[in-house]
Amino acid sequence: MKGRYAYILKERVGLAELSAIGVGGEIELFIEPGNLDEVRKIFCLRMDAGFPLYIIGGGTNVVFSDGKLEGVALSARRLCETRWDKEFLIAGAGVSMSLIVSEAAKRCLTGAEFAYGIPGSLGGALSGNAGALGRGAVDIIEEMTTIERDGSVRKWHRGEFSGSYRSLSLSMSDRLIVECKIKFQNAQREDIERETEVFRKARAGQPKGFRSAGCTFKNPPGDSAGRLLDVCGCKGLRVGGAVVSDVHANFIINSGAATGKDIVQLVGLCRDIVFQKTGIRLENEIKLLGF
Ligand SMILES: Cc1cc2nc3c(=O)[nH]c(=O)nc-3n(C[C@H](O)[C@H](O)[C@H](O)COP(=O)(O)OP(=O)(O)OC[C@H]3O[C@@H](n4cnc5c(N)ncnc54)[C@H](O)[C@@H]3O)c2cc1C
């Protein structure tokens with residue numbers, strides 16, 4: 001929509017198009033606000049009308065249910081402005097992590113190498129503290145601006161929030177990240193390249209060229225979910241069109257015509273097998289929306 005509105009609004013949008021794994025039914029309303037004021041208005045409207053709200057960034061960590069979903073899917077993708085202030089980057093929640101990694105490297109700034117190859121947006125990465133090898137998105141955030149449940153704007157400073165393995169200390173159920181201030185440090189180009197290579201190598205064992213939602217389960221303390229799934233014989237397991245990757249057992253792949261139900265059943269099957277064989281109950285890393 002052009003003119004005085006920056007947002008895009010669509011009725012009855014296929015959820016498969018909004019998620020990397022490509023499954024899901026249809027959402028009543030889809031909205032992509034273009035600025036903070038529009039996000040605030042949506043949140044205020046929701047306070048009055050009480051409709052379900054599903055927040056999405058790049059859709060690379062979510063699995064939607066099948067059928068018709070009531071409510072609104074709000075995409076943060078168009079909140080994608082960036083500006084540099086010395087070694088700080090102020091970026092909208094919809095900015096892709098890959099852009100942040102490459103822009104920082106171009107400026108000889110270090111800090112974001114851990115995110116090399118992680119798909120999705122800054123907001124999605126921060127809400128789940130996405131990362132690798134013990135590093136996470138929260139590590140580099142100096143400030144974060146959110147829209148609260150009642151539509152108010154809140155600025156959070158470093159120290160008011162923290163990250164742990166795949167989690168942010170603030171609940172994200174009724175809160176939208178709109179912008180972050182990221183702090184980098186100056187570095188030599190060769191050091192940044194060397195650091196990036198460490199993370200590139202760490203991803204070498206992930207399946208490529210398939211539709212997935214990333215790692216299915218979080219690693220349990222002191223172990224790897226992929227290793228446990230592998231030794232328990234889960235590689236290649238299939239429910240409908242959902243298959244456990246035979247490259248990396250912690251990835252479920254949409255082999256073509258998977259449904260949300262297929263994915264959820266396969267997740268449950270894998271969790272049960274691992275629990276029966278090892279006594280370890282795996283926790284989901286993927287986010288199931290609308291189930
Ligand atoms: C091939 C592949 C490889 C991956 N590798 C990794 C990896 O190495 N490490 C890793 O941690 N993850 C990995 N992932 C998972 C995923 O890419 C990350 O979790 C990513 O950070 C999610 O970002 P997104 O924008 O796609 O979030 P989405 O999938 O859109 O959303 C994820 C969650 O964040 C919430 N959310 C999104 N945006 C906002 C916002 N602005 N404000 C509040 N909440 C929000 C959503 O409601 C949802 O609960 C991988 C995924 C794939 C497909």
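Residues numbered from 1 in each chain as written. Predicted model: local features only at pLDDT ≥ 70, side-chain atom pairs only at ≥ 80, totals over all residues. Heavy atoms only, no water.

Draft legend 1. Region of the structure containing the overall build of the protein. Within the protein one finds six helices and 21 strands. Taking 291 residues into account, the globule formula puts the C-alpha radius of gyration at 19 Å, and the protein, at 19 Å, falls close to it. The C-alpha extent of the protein, read off along each of the three principal axes, is 55 × 50 × 30 Å. Expressed as a percentage of its 291 residues, the buried residues of the protein come to 47%. (Helix = DSSP H or I, 4+ residues; strand = E, 2+ residues; numbered from the N terminus. Rg over C-alpha atoms; globule rule 2.2 N^0.38 Å. Buried < 20%, exposed > 50% of the residue type's maximum accessible area, 1.4 Å probe, protein only.)

Draft legend 2. Looking closely at the domain arrangement of the protein. Here the protein is described as being made up of domain 1 (8-75), domain 2 (82-202) and domain 3 (211-289). Between domain 1 and domain 3, the C-alpha centre-to-centre distance is 26 Å. Listed per partner, the contact involves 16 residues of domain 1 and 16 residues of domain 3. Of the roughly 1,200 Å² buried between domain 1 and domain 3, counting both surfaces, carbon and sulfur atoms make up 53%. Among the residues of domain 1 in contact with domain 3, Ile 21, Asn 61 and Val 63 are the three that bury the most area, contributing 48% of the side total. Linking domain 1 with domain 3 are zero salt bridges. In this assembly, domain 1 and domain 3 are joined by twelve residue pairs in polar contact (both at pLDDT 80 or more). At the level of elements, β3 (53-56) and β4 (62-64) are the ones that each hand at least two residues to the side of domain 1 that touches domain 3. (Domains from an automatic or database assignment. Contact = heavy atoms within 4.5 Å. Buried area = accessible area lost by both parts, 1.4 Å probe. Salt bridge = Lys/Arg side-chain N within 4 Å of Asp/Glu carboxyl O. Polar contact = N/O pair within 3.5 Å; in protein donor to acceptor, adjacent residues only side chain to side chain.)

Draft legend 3. Just the side chain of Asn 129, in detail. Following the sequence through the fold, Asn 129 ends up in the loop between α3 (122-127) and β9 (131-132). Not counting the four nearest positions on each side in its chain, Asn 129 is found in contact with Gly 136, Ala 137, Val 138, Gly 163, Ser 164, Arg 166 and Ser 167.

Draft legend 4. Region of interest: the site of the ligand. Around the ligand lies a shell of 30 residues, among which Ile 55, Gly 57, Gly 58, Thr 60 and Ser 121 are the nearest. Between Ser 121 and the ligand, the recorded distance is 2.6 Å, taken from a side-chain N or O atom to an oxygen atom. Here a nitrogen atom of the ligand and a backbone polar atom of Gly 124 are 3.4 Å apart. In the complex, the protein chains occlude 91% of the 980 Å² of accessible area that the ligand would expose alone. Put simply, the parts of the chain that give the shell around the ligand at least two residues each are β3, α3, β15 (176-183) and β17 (211-215). (Near = heavy atom within 4 Å. Areas by Shrake-Rupley, 256 points an atom, 1.4 Å probe, with all protein chains shown as cover.)

Draft legend 5. Representation of the sheet that holds strand β20 (residues 251-254) within the structure. With antiparallel pairing, four strands are arranged side by side in an open sheet as β17-β20-β19-β18. Looking at strand neighbours, the two that pair on one side only are β17 and β18 (238-239), the edges of this open sheet. By the bridge criterion, three bridges tie β17 to β20 in an arrangement that is antiparallel. Bridge assignment links Arg 211 to a residue of β20, and that residue is Asn 254. (Pairing = 2+ DSSP bridges.)

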